[in-house]
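A closer look at the structure
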Amino acid sequence: MACGNGPAAGTSALSDLNWTSAANGWGPVERDHSNGEQPAGDGRTLTINGATYAKGLGTHAASAVTYYLGGTCTSLTTDVRVDDESATNGSVVFQIFRDGTKVADSGLVTVSDAAKHLTADLTGGLELKLVVTDGGNGNTSDHADWALPRLTCG
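Here we summarise the structure given alongside this text. (Residues numbered from 1 in each chain as written. Predicted model: local features only at pLDDT ≥ 70, side-chain atom pairs only at ≥ 80, totals over all residues. Heavy atoms only, no water.)

We now examine the pattern of salt bridges. Per the stated rule, a full pass over the model turns up four salt bridges. Put simply, Asp 32 and Lys 55 hold a salt bridge, and the shortest N to O gap is 3.1 Å. Of the two residues, Asp 32 sits in the loop between β5 (30-31) and β6 (46-48) while Lys 55 sits in the loop between β7 (51-53) and β8 (56-60), which places them 23 residues apart along the sequence. Overall, Lys 55 belongs to the partly exposed group, its relative accessible area being 22%. For the salt bridge of Asp 84 with Arg 81, the shortest nitrogen-to-oxygen distance reads 2.3 Å. Under the relative-accessibility criterion, Arg 81 is labelled buried at 0%. Each of Asp 16, Asp 32 and Lys 55 takes part in one network of salt bridges that share partners. (Salt bridge = Lys/Arg side-chain N within 4 Å of Asp/Glu carboxyl O. Helix = DSSP H or I, 4+ residues; strand = E, 2+ residues; numbered from the N terminus. Buried < 20%, exposed > 50% of the residue type's maximum accessible area, 1.4 Å probe, protein only.)

Below you can see the structure in the form of structure tokens.
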């Protein structure tokens, strides 16, 4: 899982690591499940365009999930989109920050879009922050999936 100075060397599923803080617009951030509703553990399988994902984070705009990297990690890759459970609603923007600098941005993503693949350079960073904002129309149905987020560290 993680060493005292940051995540262990190699590639890890982000949902297997402990975050340092998490804030979510509706209920708690869910590990390996969609956001669901207010109670913890009530999410479903992460689903984007009918494809299911065993690993990831289920969030809801506005959200921010922060991890300590310890300067040892080089990259994060993930697919992102509004979860299928949001039916015909939901619009969000996914952003990845390294030490307060934005290093990846999905642009506006809706439930009718295909999954977007993001790659972020984290080289030398001490902190990773995953942010989801609403798409400018409020946060109704903004169940936002970080699907298969993979963190690579040296």
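This brings us to the environment of Asp 79. Tracing the backbone through its elements, the reader meets Asp 79 in strand β10 (residues 73-82). The sequence separation of Asp 79 and Asn 24 amounts to 55 residues, and the corresponding C-alpha distance is 19 Å. Apart from the residues lying within four places of it in its own chain, the contact partners of Asp 79 are Tyr 53, Ala 115, Lys 116, His 117, Asp 145, Trp 146 and Ala 147. A polar contact of 2.8 Å, which involves the side chain of Asp 79, links it to the side chain of His 117. (Contact = heavy atoms within 4.5 Å. Polar contact = N/O pair within 3.5 Å; in protein donor to acceptor, adjacent residues only side chain to side chain.)

A separate point is the sheet that holds strand β9 (residues 63-68). Strand order in the open sheet made by the five strands is β4-β9-β14-β11-β12, with antiparallel pairing throughout. At either end of the open sheet lies a strand with only one pairing partner, and these are β4 (21-23) and β12 (101-110). Strand after strand, the sheet turns through a mean of 10 degrees between neighbouring axes, direction not considered. With three bridges connecting them, β4 and β9 associate as antiparallel partners. Looking at the pairing, Ala 22 lines up with Val 65 of β9. (Pairing = 2+ DSSP bridges. Axes fitted to C-alpha atoms, helices over the stretch in contact; angles between N-to-C directions.)

Counting residues in hydrophobic clusters, the biggest one holds 28 residues, and the most contacted among them are Leu 14, Phe 94, Ile 96, Leu 128, Leu 130 and Leu 151. Looking at this core, the elements that each hand over two or more residues are β9, β10, β11 (91-98), β12, β13 (116-121), β14 (127-134) and β15 (143-153). (Core = buried A, V, L, I, M, F, W, Y, C linked by side-chain atoms within 4.5 Å.)

In the structure shown here, the tally under the stated rule is one disulfide. Each sulfur of the disulfide joining Cys 73 and Cys 153 lies 2.0 Å from the other. Because the torsion about its S-S bond is 75 degrees, the bridge between Cys 73 and Cys 153 counts as right-handed. Within this pair, whereas Cys 73 is found in strand β10, its partner Cys 153 is found in strand β15, the two being separated by 80 residues in sequence. A relative accessible area of 1% means that Cys 73 is categorised as buried. The exposure class assigned to Cys 153 is buried, which follows from its relative accessible area of 7%. (Disulfide = S-S within 2.5 Å.)

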